[in-house]
Amino acid sequence: MDNKNFIDELSRRTGFDREKVSGLLEDFSGIISEAIGNEDSIMIPAFGTFEPRKKMERIVVHPLTGNKLLVPPKLSVVFKASSAMKNMLRRDWEQR
């Protein structure tokens, strides 16, 4: 499902117009981005948790040249599905 279809479906289910749904999704992603930037995790009940993970700086070797490169530290995001989400997906998959 692409973004347009997702917004259309969410609009249909909530009764909000497309612009309002689109704005809510932008606000939602902004809140998640801000929290991850502050190194906070976000737990959404029955969905899952977005957690920031720090990757430390490291030295890698370029495979073609053999040069050593310093890769700077960075912050990445990990999503862990909740047990309710996993169970729902498992049930849906078994019914197919």
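Quick caveat: nothing in here was measured; it's all calculated off a predicted structure. Sequence order as written defines residue numbering, which begins from 1 separately in each chain. Selection of residues for local features in this predicted model requires a pLDDT of at least 70, selection of side-chain atom pairs for listing and counting requires 80 or more, and totals for whole chains, interfaces and linings are taken over all residues. As a convention, hydrogens and water are excluded, and side-chain values are obtained from all of the structure's heavy atoms.

Peer 1: Would you mind going over the nonpolar core with me for this structure?
Peer 2: Generally speaking, soluble globular proteins have nonpolar side chains that are buried together. What makes a nonpolar core is a set of buried Ala, Val, Leu, Ile, Met, Phe, Trp, Tyr and Cys residues whose side-chain atoms join them at distances within 4.5 Å. In this scheme, a residue with accessible area under 20% of its type's maximum is buried, one over 50% is exposed, and one in between is partly exposed, where area comes from a 1.4 Å probe on protein chains only. Within the largest apolar cluster, 5 residues are counted, these being Ile32, Ala35, Ile36, Ile42 and Phe50. Broken down by element, this core gets its largest block of residues, 3 residues, from helix H2 (residues 18-37). Any two residues whose heavy atoms approach within 4.5 Å are treated as being in contact. If we skip the residues at most four places from it in the chain, isoleucine 32 touches Ile42 and Phe50. Strands are runs of DSSP state E lasting at least 2 residues, helices are runs of H or I lasting at least 4, and numbering of each runs from the N terminus.

Peer 1: I would appreciate a short explanation of the pattern of salt bridges in the present structure.
Peer 2: Between side chains of opposite charge, a pair can form when the charged atoms approach closely. For this analysis, a salt bridge means a side-chain nitrogen from Lys or Arg found within 4 Å of a carboxyl oxygen belonging to Asp or Glu. Enumeration according to the criterion identifies 7 salt bridges in this entry. Aspartate 8 is the partner of lysine 4 in a salt bridge, and the nearest nitrogen-oxygen pair spans 3.2 Å. Taken together, the residues lysine 4 and aspartate 8, both in helix H1 (residues 3-14) and 4 residues apart, mark about one turn of the helix. We note a salt bridge from glutamate 51 to lysine 80, for which the minimum N-O separation is 3.8 Å. Here glutamate 51, found in strand S2 (residues 48-55), pairs with lysine 80, found in strand S5 (residues 74-81); they are 29 residues apart in sequence, far enough to count as distant.

Peer 1: Is there a simple way to think about the sheet that holds strand S1 (residues 42-44) in this case?
Peer 2: The strands making up a sheet are joined through hydrogen bonds of the backbone, oriented either antiparallel or parallel. Taken in spatial order, the 3 strands of this open sheet run S1-S2-S5, and their pairing is antiparallel. With one partner strand each, in any of the chains shown, S1 and S5 form the two edges of the open sheet. Adjacent strand axes in the sheet meet at a mean angle of 25°, parallel and antiparallel pairs treated alike. The sheet contact formed by S2 and S5 spans 8 bridges and is antiparallel. Residue pairing in the sheet places glutamate 51 in a bridge with valine 78 of S5. Any two strands with at least two DSSP-identified bridges between them are counted as paired. Under this scheme, a helix contributes an axis fitted over its contacting stretch, all axes are lines through C-alpha atoms, and angles between N-to-C directions fall in the 0 to 180 degree range.

Treat this as a map of the structure, not an account of what it does.
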